[in-house]
Amino acid sequence: MDTNVRFRNAHADANGAAGAGRFTHALNIEDLRQLAKRRLPRIVFDYIDGGAEFELTLRENSRAFDDVTFRPRNAVAIPVCDLRTTVLGAELELPVILAPVGSTRLFYPRGEIVAARAAAQAGTAYALSTLSGCRLEEVKAASSGPLWYQLYLVGGRDVAAEAINRAQNEGFSALVVTIDTPVSGFRERDFRNGIKSLLGRNILKTLPHLGQFIMKPRWLAGFLRDGGLMKFANVVVPGEGPMSYADVSVALEKAVITWDDLRWIREEWKGPLVVKGVLTGDDARRAADEGARAVVVSNHGGRQLDGVPATLQVLPEVVEAVNGQVEVLLDGGIRRGSDIAKAICLGARAVLIGRAYAYGLAAAGQAGVSRSLEILKDDLIRTLKLLGCASVAELGRSYVGVVPRQYSLASQNDPINIVQER
Ligand code: FNR
């Protein structure tokens, strides 16, 4: 069955998603981004789309993929491509995991549940953010796929211990500890769109910002049906219950995760630990020494420290530093299947996607996330066939040709190094 027909049939949704006809034109992730922009109030769209300060790192993450070119093996027939990979011992149907993304319940009703379902349907893993609106038990009940829980220490160790226990009891298979958020990055779009006033207690100050919601009645209807402004269902403060939305940025600032905390977390969590937010070989080695089973080369999608390099650029340094001791994953800027192939060629075992699925979710709920994954999967199959490579497992350095000087690389005998030495 052709892709568009399948998607059209899958998509029939009462929650304010755009009509199915329009989705047949969602050929790439940018198309889904435009659909998300159309459905969401500006403040919600910009929360997904934006980055910190000048958004230099946000742009660099995607642009860096342009620096890497392919070296195809032509005149090779590849009737079937094998996209499978193994991450932390679990076999995934494709090397793409849904990254932890906070507040998805604002993008679409019961956002975490529908995203987790779409991930399971595609045969891959979903990482649930600490800053999610659905209870982790509900997400587990809705999904048959592998689930990871992402941890911030908001609310302190006791609150975190409770969430870790709950995730453990529910069978979440990995704990992702994000280490790049000692404070929230300065995302100027959020402030210009009135986030402070909207979360404050002064009704008068909210008035200038309310128009953006009224302009998006389909989103607004879904938001109200879903209970209005979400609470953080998995950050349960003793005596108070789930943390309110307004309290979280202050709580985050008190919740810096240090290597000491990591040791404590390792004692609480019995399963595999993933350290997310690694940008240097030193931090990657440190994470491995502290017992991580995997690291995610990540700059939080350019939302934290603006001016750090694109993740693709530092990937080879991290791969070299850990020397196979831990699995290396990457996120940041993935918008095409060819981006996934390039990251794997440079040493990533799999990638995580944030915005690429968030746009789909915001555009059309579960069907939109499925469409995001389908776009990336079809892209990846096509890229492998054009490369003359039968499987993700066979991708490697020999399939990428030109890498500019600033990429630090491991092997002296590698063709890429020759380019670097010129
Ligand atoms: C994020 N990210 C994130 N990471 C994390 O560890 N916990 C979180 O709660 C969030 N929340 C969040 C919200 C939104 C709207 C976005 C876009 C991102 C970062 C995310 O896990 C991932 O690192 C980036 O999204 C990867 O970059 P791309 O794929 O969005 O370019």
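What comes next concerns the included structure.

Procedures and definitions
- Residues numbered from 1 in each chain as written.
- Predicted model: local features only at pLDDT ≥ 70, side-chain atom pairs only at ≥ 80, totals over all residues.
- Near = placed C-beta within 6 Å.
- Helix = DSSP H or I, 4+ residues; strand = E, 2+ residues; numbered from the N terminus.
- Nonpolar A, V, L, I, M, F, W, Y, C, P; charged D, E, K, R; others polar.
- Buried ≥ 20, exposed ≤ 12 C-beta atoms within 10 Å, placed from the backbone.
- Pairing = 2+ DSSP bridges.
- Right-handed = clockwise from strand over helix to strand, strands pointing away.
- Axes fitted to C-alpha atoms, helices over the stretch in contact; angles between N-to-C directions.
- Parallel < 35°, antiparallel > 145°, perpendicular 65-115°, else oblique.
- Left-handed = near helix turned anticlockwise from the far one by under 90°.
- Contact = placed C-beta atoms within 7 Å.

## Structural notes on the site of the ligand
Near the ligand you find 25 residues, and of these Ala99, Gly102, Ser129, Gly301 and Gly354 are the closest. Secondary-structure elements contributing two or more residues to the shell around the ligand are α4 (42–49) and α20 (355–387). The class makeup of the residues in the shell around the ligand is ten nonpolar, eleven polar and four charged.

## Side note on the pairing of strand β6 (residues 174–178)
By the criterion of burial, β6 is predominantly enclosed, with five of the five residues buried. Covered by surrounding structure in β6 are Ala174, Val176 and Thr178 together with Leu175 and Val177, the residues of both alternating faces. As paired strands, strand β5 (residues 147–151) and β6 are joined by four bridges and run parallel to one another. What sits directly across from Gln150, in β6, is Val176. With helix α9 (residues 157–170) bridging β5 and its parallel neighbour β6, the resulting β-α-β unit is right-handed.

## Here's the deal with unusual backbone geometry
Although it is not a glycine, Ala75 adopts a positive phi angle of roughly 55 degrees. In this structure, Ala75 sits in the loop between α5 (56–63) and β1 (85–87). Residues other than glycine seldom take positive phi values, yet Arg110 does so here, at roughly 50 degrees. Its place among the elements puts Arg110 in the loop between α6 (104–107) and α7 (111–122). We classify Arg110 as buried; it has 24 C-beta atoms within 10 Å.

## Digging into the packing of helix α19 (residues 337–345) against α20
Axis separation between α19 and α20 bottoms out at 7 Å; the angle between their running directions is 60 degrees. When the axes of α19 and α20 are compared, the pair comes out oblique. As for the relative orientation of α19 and α20, their crossing is right-handed in sense. Of α20, the residues touching α19 (which contributes Gly337, Ser338, Ile340 and Ala341) are Leu376, Asp379, Leu380, Arg382, Thr383 and Leu384. Residues of the contact of α19 with α20, tallied by class, amount to five nonpolar, three polar and two charged.

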